[in-house]
Amino acid sequence: MRSIGFSTGALARGDFRGALAMMEGVQMDAVELSSLRVEELDALVDFGLSSDLSQFRYVSVHAPGKFAADEEHVVADKLRRLSARGWPIVLHPDAIHEHAVWRSFGAQLLIENMDKRKSVGRTATELTSVFELLPEAGLCFDIAHARQVDSSLTEAYRILRRHGDRVRQIHISDVSSASRHDRLSPSAVAAYQQIASMIPFDAPAILETPLLADLETELERAKVALGDTSSKLLVGQ
């Protein structure tokens, strides 16, 4: 069974303990510790190094989405302390100033495909350019970003056909035209089912849907979207 869980940033941005408290009692075995703002990174490192996360089979860390060039080495060094625990680091390609800084992460670095606002990493061709500079890096396939860039899912097919062997994590949600993550809609679930068979089954799925309650139903929607036939939830629910 595919590991599945939530991003802490989706549930309680910057409040890692609060996000984990929301997950208590909910059946999931994956978590992404998210510090989308660079100001949150010190707290994330402290939390990651001091917390018992053994209840999760899979843990990853989302790097800040933006930082200055003179901060890049410091950000990478802090994240390296968490990657030393065996946790993959998810990085936005447009945040990178100097690719050599990140090359030492090797296969533990996961590049995320981007939404339509960005200038790099949106398409299979743009991702190829990134992976040429980071040849060992994997892909965090954000299925919602791919659908927003091309609602026909043609680009999603191209990304998975060209880079499917690099997929080591999935981000799943719905994304609005304003590039905001949202709960999974029936149309998103139905669309994602069309490409679910192309996504490696051993790639953990991380939900980025913003929620305050009803995490169980959203997890079931994600499972249906990714082709889990054991879920009894109907697509339209």
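Calculation rules
- What you see as residue numbers is a count from 1 along each chain, following the sequence as written.
- Per-residue local features of the predicted model are confined to residues with pLDDT of at least 70, and side-chain atom pairs are confined, for both listing and counting, to 80 or more; whole-chain, interface and lining totals are unaffected and use all residues.
- Hydrogen atoms and water are omitted, and side-chain values are computed over all heavy atoms in the structure.
- A run of H or I in DSSP counts as a helix once it spans at least four residues, and a run of E counts as a strand once it spans at least two, with each numbered from the N terminus.
- Only protein chains enter the area calculation, which uses a 1.4 Å probe; residues under 20% of their type maximum are buried, those over 50% are exposed, and those in between are partly exposed.
- For this analysis, a nonpolar core means a set of buried residues of the types Ala, Val, Leu, Ile, Met, Phe, Trp, Tyr and Cys, connected via side-chain atoms within 4.5 Å.
- In what follows, a contact means two residues having at least one pair of non-hydrogen atoms within 4.5 Å.

What about the environment of Val149?
Next up, step 1: Relative to the helices and strands, Val149 is located in helix α7 (residues 143-149).
Next up, step 2: Relative accessible area serves as the criterion here: at 28%, Val149 is assigned to the partly exposed category.
Next up, step 3: Note: C-alpha distance between Val149 and Thr123 (26 residues apart in sequence) is 8.1 Å.

Quick notes on the nonpolar core
Next up, step 1: Within the largest apolar cluster, 72 residues are counted, with the highest numbers of intra-cluster contacts made by Trp102, Ile111 and Phe141.
Next up, step 2: Element by element, the count of residues in this core is highest for helix α10 (residues 215-225), at 5 residues.
Next up, step 3: Among residues more than four places away in sequence, those in contact with Phe141 are Asn113, Ala146, Ala156, Ile159, Leu160, Val167, Gln169, Ile170, His171, Ile195 and Ile199.
Next up, step 4: Ranked by size, the runner-up nonpolar core spans 6 residues in total, among them Tyr58, Leu110, Cys140 and Ile206.

What to know about the environment of Leu219
Next up, step 1: Checked against the element boundaries, Leu219 lands in helix α10.
Next up, step 2: Residue class for Leu219 comes out buried when judged on its relative accessible area of 3%.
Next up, step 3: Between the alpha carbons of Leu219 and Ile206 there is a distance of 9.5 Å; along the sequence they are 13 residues apart.

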